[in-house]
Every structure is written in structure tokens, then in C-alpha cells.
Amino acid sequence: MERNAFLINKKIHQYILPGVLMTVAMQLGNVVDGMIVGNLLGAEAMAAIEISMPVLLLLQMAALMLAMGGAAETAVFLGKRDMEKASGVFTASLAAGLAISVFFALFAPVLPEPAARLLAGNSDLAALAEPYIMVNVAGIPILTVAIIFCYFMNADNHPQLGSALFIIANAVNLVLDFVFIRSFHMGMAGSALATVIGYLAGMAPVVIYFHSKQRMLRLRKLDKKAFHYVSISMKAGIPSAAFTLMSALKSVIINSVIVRILGNGPMAVYSVCANAVLIAELCVGGIIGLVQNIAGILYGERDYYGIRTLCKRVLTYSYIAIVILMMIFFAVPGSIAGLFGITEGGLLTLCETALRIFACSFPFYVYNKFLMSYYQTILQPGLSTMVTVLQGFVVIVPLTLTGIFFWGFPGVCLMAVVSEAVTIFLAIVWRIVGQRRGRFEPGGVYMLPQITDEKSLDCSVENNLEEVIAFREKLFVFCADNHISERDASILGVAVEEIAANIVQYGYRGGKRNYMDISFTIQDEKYILRIRDDGIPFNPLDYVPQEETEVTVGGIGLLKKITSDFQYMRALNLNNTVIELNIRKN
């Protein structure tokens, strides 16, 4: 009777579809947006979108910082069953994001023109970029609120609603692109307005979220603690902010050099290559997103076996997807270029070569993406930020400038491959040195402590009464080996019988084979028994026996009286029951 990955794998398969759909909707919307603009307004319009990206990234930086950092903190608080702090982080992050974005929107009348002139390098591109930037600046409050709600809904057991938000937003965006550009002849402003209205429409699932009986996060009145909650969200979100800032600076430098040295044509090709990264993100972003959706709560629960299982499965699925994508890029790069309006001449030949080279960076990109997401989720923002800074600026910018100097535009794509590989190497060296000097937690790449048999008992128990009784006997042996008193061992045995047997009898429907995870640990001067199952929702704390005498003779009512603490929460759509006993000193 050992721990297995049955429940974790079920959660992976349950969460992977909403995560993939959300990423597909978000990135496919961006990619198709570029295709529509490129085909309706020309290659230079697509280049104008790319040179506008630094402004858009900086506008979104606060939203991503608060959303990703706050959601990571919230997931850990939920894993620790601290509902007050989890809701406090949610409320404070939403309020801060809205305030910052409204402040940015006030600059819509004055910011776009100088920003477009600074980034474009010539008047033609600047004229295309200015209206696009203006509408995005004015609409940033809508985008900010949508992003924050999406990440927090994912952390609060509602990944389907997070996916629906982006699916609706990008579906509306793509439809309005045609309406505003082709029918109303609004040009670049129409493309940006379609995005803003799309995210406004995408907020519809938030209404469903607020009416959900399963949600754990609540809006609370802002008080003095709000500043503390914002600060911890921002601290945990430093990697996201660093990624956004580095991406903006990288875009400013590389775009400027390409436009001024190589011209508008290569800039349009580089825009296609930038969309290639979005396509890679489309394929693996939803899979890697499982780390944030699941690992944070597992980390709060100290389920390190589950985290390792999750990470291995995430990497396996990601590399299967990315290998298929690489084969497509190698086989039909011309077709991919044609989707963005580049269909003939020397520009098509250059684009085909660039895409084939660029595709070689995808495997390294996936691993860097995984490291950034994982370290941020387990609240190691320093290490995640280091990977982000290396990948987003410190490595790629000097290498790309070197590539342009020696090999022209193909050098840009070649250095994209080299920079991703160098980032992995430097990140590994930084982590190992930090672990040896005590700056980072030990435990290899996952930085998780090893749990010894002397301090914990961790098993997966099949949903039948014989297995429950067998685990109870194994628990008694463990208690005896660790000098736990007969009284405490008996209480723990009763807890296993009452909770686990109830799950077997009433928790599952249909008679299918299932497992529950039961762990017993000795930590923080407490005996802690955790029982996790994916049966029907059942909160033992709300249980009211039909017979009044039932409370006095045993069962859940008795456990509430004789245990030090009895807690329940529904996290990851799993029942999580935690029973604690204080260790009595002789």
C-alpha cells in the first residue's frame, strides 16, 4: 500500500483541457489578430503592432504582476486552509490593479504620439502605431480586471470560467476585427478597439463565478492589511513583472536595430517569428499552466510527491506538443508565412529560413518557461526572476545584436536558439551554487525537502473498506514505531475509520475504481492526518446527524470533541479533511 499518482493524474487531465483552451484562445487570438491585420492592412501594419509591443507590455505589467503573484500566494494560502488571507490577497490585488490601470488610462491623450515616434524609427510606421497604442492605453483598465479575475478564478477551483473568459474575449475580438477594419475602415484603431471590447464581453463568466457555491475567495472590505496583501502579491509577482519589463526592453532594442539597419521588410519577418513564439505558447502554455493551477495548493499542503508527479507529467506532455510543432515548422514554413500575408519574393524566402531556425529554440523555450512558472509557484521569486532576466534580456539582447552584426537577419533567429540554451545552463549553475551556499532550498531542481519514513506515512487507499482497515492497521504500526501513545493512536484510528469509511460508502457513485490519498505526518509538535478524495463534496464540519444520540456515541461528532483541530476545504475540486492532535509532553 504505497502512494500513487491516481488523484494527481485525474486532476491533471481535468485541468488540462480548460488550461489549454484558455491559452489557445489567448494566443490564437493574438496570432490570428496579426494574420488579419497583415492580410487586410499589409505587412507594415503587422510590423507596427510588433513595434508597439513594448508599450502594451508595460501597460500590462502591473496586471500580470498582481494576477500571477497574487494567485500563487492565494493557492498556497488555500493549501494551508487560511481562507481569510486568501480572500484578502484576492481583494487587495483586484483593487490595486484597477487603481493602477485607471492611472495609466489618464495618459491616453498624450502618450501615444511620442511613444510611436520613439519606437517606429520612421514616419510611416509611427502613423500606423499611434492609433493602435492610443486605444490600448485607454482600454487598459478592462484588460487588467479581466486578467486578474482569470488567474484568481483558476486558483479557486474554476479553471473552466478562466478559460471561458479568454475564449469569449478573443472570439469577439476576431469578429470585431473584420467588422471594424473591413466594414468601418477604422484601420489600426479598429484592431485595438476590437481587443478592448472583446475583453469587456469576456467578463461575463465573472458573474457566474460570483454566484458559484463552490468558490472560496470572497471580496472583503479594504483595511490596513490591504497594503500588506498587495506587497506580498507584488513580491511573488516579481518574476512576471521582470519578464514583462525585460520583454519590453528587449523589443525596444531589437526592433529599433532591425528597423534602422535592416529595414521594414525584415521587421515584418521578425514579426512573424515573434508570432511563432506565440504559437509555441499556444501549444504548451496551457500545459505548463497546470503548475500554477495545481502545484501552489499542493505546496501549501506539503504534498511533495504530488508536485514531483505533476511536474514530470507537465514536461512530458509539453515536449510531445512541441516536437509536433517543430515538425510542422520544418515541413511548411512557407504556408505559415503566407498566413501572415508574406506570400512571394525574397521576403518569403527569408521568412522560410528564419522560421526553420527559430523553431529550434522551442525545446529550450519550453524548459525555461517551466522553470519560471514552477519557481514562482513555490514562492521562490528570486530564482524565477533570475531565469526571467537571463532569458528576457541579459542573454538574448547582446547575442542578437552580435548575430545581426555577423550574419544579418538569419543571425537574429540563430541567436534566439543559442540564448535559450545558454539561459538554461546559467540558471542551473545559479541554482546549484545558491543551494550549496544556503541561499536556496536543497532538494535538486524541484527544491523540495525529502520526507523520511520515520516522520510521515503517505499512502493511496483504494475505495473499499478492506483497504481502509488495512491502512488503519499500518497506521497503528507506524504509531508504535514512533512511540505515539495508545490513546492518540486510537483517536487517529477512529478518524481514519470515520472519514475514510464514509468516503467509501457515500463519496463515490457508479462503483468505479478510485483512490483516496491519506497521509500522516509528525510536524510542528502536532500529529496531522490528511485525507483527500475526489468524491462528491462533503464537509464533515457541517454534518448534522439524523439521530441526536449519534453525537454522543461516536462518529464525526466525537472527533470534533476529542481532536485539537478539525478542518475541511474543497480545493482543486477535491475534498480535503485535516485532523490535528497536539503532541502531549510527558
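The rules behind the values
- Residues numbered from 1 in each chain as written.
- Predicted model: local features only at pLDDT ≥ 70, side-chain atom pairs only at ≥ 80, totals over all residues.
- Heavy atoms only, no water.
- 1 Å grid on protein atoms, 1.4 Å probe; cavity = no way out; pocket = protein on both sides within 12 Å on 5 of 7 lines; lining within 4 Å.
- Points joined across faces, edges and corners; volume = space filled by probe spheres on them.
- Helix = DSSP H or I, 4+ residues; strand = E, 2+ residues; numbered from the N terminus.
- Buried < 20%, exposed > 50% of the residue type's maximum accessible area, 1.4 Å probe, protein only.
- Pairing = 2+ DSSP bridges.
- Axes fitted to C-alpha atoms, helices over the stretch in contact; angles between N-to-C directions.
- Salt bridge = Lys/Arg side-chain N within 4 Å of Asp/Glu carboxyl O.
- pLDDT = per-residue confidence, 0-100.
- Contact = heavy atoms within 4.5 Å.
- Phe/Tyr/Trp six-rings, centres within 6.5 Å; stacked < 30°, edge-to-face > 60°.
- Core = buried A, V, L, I, M, F, W, Y, C linked by side-chain atoms within 4.5 Å.
- Expected span 1.5 Å × (residues − 1).
- Parallel < 35°, antiparallel > 145°, perpendicular 65-115°, else oblique.
- Left-handed = near helix turned anticlockwise from the far one by under 90°.
- Disulfide = S-S within 2.5 Å.

1. Some thoughts on empty space enclosed by the protein
Inspection of the entire model under this criterion finds four cavities of 30 Å³ or more. Its boundaries defined by the atoms lining it, the second largest cavity holds a volume of some 70 Å³. Lining the second largest cavity we find Ala71, Ala72, Tyr151, Asn154, Ala155, Gln292, Asn293 and Thr377. Elements with a contribution of two residues or more to the lining of the second largest cavity: helix H2 (43-79), helix H6 (140-155) and helix H12 (264-300).

2. Here we look at the pairing of strand S5 (residues 574-582)
Within a regular strand, side chains alternate between the sheet's two faces. Of all nine residues making up S5, eight are buried, and the element is well covered by its neighbours. One ladder, built from eight bridges, connects strand S3 (residues 526-533) with S5; its direction is antiparallel. Within S5, the residue paired with lysine 526 across the bridge is asparagine 582. Pairing geometry for strand S4 (residues 565-571) and S5, over seven bridges, is antiparallel. Counted as the bridge partner of arginine 570 is asparagine 575 from S5.

3. What about the sheet that holds S3?
If you walk across this open sheet you meet the five strands as S1-S2-S3-S5-S4, and the pairing is antiparallel. The sheet is open, and its two borders are formed by strand S1 (456-462) and S4, each paired with just one other strand. In this sheet, neighbouring strand axes are inclined to one another by 15° on average, regardless of whether the strands run parallel or antiparallel.

4. Remarks on the pattern of salt bridges
For the structure shown, the criterion picks out 10 salt bridges. As a salt-bridge pair, glutamate 281 and lysine 369 come within 3.1 Å of each other at their nearest N and O atoms. Here glutamate 281, found in helix H12, pairs with lysine 369, found in helix H16 (residues 362-377); they are 88 residues apart in sequence, far enough to count as distant. For glutamate 281, a relative accessible area of 9% corresponds to the buried category. Given a relative accessible area of 23%, lysine 369 falls into the partly exposed group. When the shortest N-O distance is used, the salt bridge between arginine 487 and aspartate 488 registers 3.0 Å.

5. Quick notes on unusual backbone geometry
For histidine 185, which is not a glycine, the phi torsion comes out positive at approximately 55°. Examined against the element boundaries, histidine 185 turns out to sit in the loop between helix H7 (159-183) and helix H8 (187-202). Its identity as a non-glycine residue notwithstanding, histidine 483 has a phi of 60°, on the positive side.

6. Considering the confidence of the model for the protein chain
Residue-level pLDDT values for the protein chain average 83, and 91% of them are 70 or greater. Predicted confidence is poor over residues 548-554, with pLDDT under 50, and the contacts of this stretch with residues over four places away or in other chains come to six contacts.

7. Focus: the packing of aromatic side chains
In this description, a pair of aromatic rings is defined by centroid distance and the angle of the planes. Counting across every chain of the model gives 19 aromatic pairs. Taking 5.7 Å as the distance between ring centres and 65° as the angle between the ring planes, the aromatic pair formed by tyrosine 209 and phenylalanine 210 counts as edge-to-face. Judged by its relative accessible area of 1%, tyrosine 209 is buried. Taken together, the aromatic side chains of Phe90, Phe149, Phe152, Tyr209 and Phe210 make up a single cluster linked through ring pairs.

8. Overview of the pairing of S3
Judged by how many residues are buried, S3 sits mostly within the fold: seven of eight residues are covered. Direction of pairing for strand S2 (residues 515-523) relative to S3: antiparallel, over a ladder of seven bridges. Opposite aspartate 517, over in S3, you have arginine 532 as the bridge partner.

9. So, the nonpolar core
Counting residues in each nonpolar core, the largest one holds 138 residues, and the members touching the most others are Leu165, Phe329, Phe362, Phe370 and Tyr374. Among the elements that line this core, the one with the most residues is H2, at 18 residues. Beyond its immediate stretch of four places on either side in the chain, tyrosine 374 contacts Val291, Ile307, Cys311, Val445, Tyr446 and Leu448. Leu457, Val468, Ile579 and Leu581 belong to the second largest nonpolar core, which has 30 residues in total.

10. Observations concerning H7
The first and last C-alpha atoms of H7 sit 36 Å apart over 25 residues, in line with the 36 Å expected at 1.5 Å per residue. In the stretch just after H7, histidine 185 is the one whose phi turns positive, near 55°.

11. Quick word on the packing of helix H5 (residues 123-138) against H8
At a minimum axis separation of 7 Å, H5 and H8 run at an interaxial angle of 20°. The angle between H5 and H8 places the two elements in the roughly parallel class. At the point where H5 passes H8, the crossing takes the right-handed sense. Contacts between H5 and H8 pair Leu128, Pro131, Tyr132, Val135 and Asn136 from the former with Met188, Ala189, Ser191, Ala192, Leu193 and Val196 from the latter.

12. Brief notes about the environment of glutamine 160
You can see glutamine 160 is positioned in helix H7. When the C-alpha positions of glutamine 160 and tyrosine 15 are compared, they lie 8.2 Å apart, and in sequence the two are 145 residues distant.

13. Remarks on the environment of threonine 144
Considering the arrangement of structural elements, one finds threonine 144 in helix H6. Threonine 144 gets classed as buried once you look at its relative accessible area, which sits at 3%. Sequence spacing of threonine 144 and leucine 94 is 50 residues, and the spatial spacing of their C-alpha atoms is 8.8 Å. Leaving out residues up to four positions away in the same chain, threonine 144 has contacts with Ala63, Gly97, Leu98 and Ser101.

14. Some words on the state of the cysteines
As enumerated under the stated definition, the model contains zero disulfides in all. Note on cysteine 360: no disulfide assigned, nearest cysteine sulfur contributed by cysteine 413 at a separation of 10 Å. Taking the relative accessible area as the measure of exposure, cysteine 360 reaches 30% and is therefore partly exposed. Of all cysteine sulfurs in the structure, the one in cysteine 479 sits closest to cysteine 459, which takes part in no disulfide; the separation is 12 Å. Classification of cysteine 459 by relative accessible area gives buried; the value is 1%.

15. Regarding the environment of isoleucine 297
Within the secondary structure layout, isoleucine 297 lies in helix H12. The buried category is assigned to isoleucine 297, whose relative accessible area is 0%. Remark: the alpha-carbon pair of isoleucine 297 and leucine 78, spanning 219 residues in sequence, is separated by 6.3 Å. Look past the residues within four positions of isoleucine 297 in its chain and what remains in contact with it is Ala75, Leu78, Gly79, Ala155, Ala571 and Leu572.

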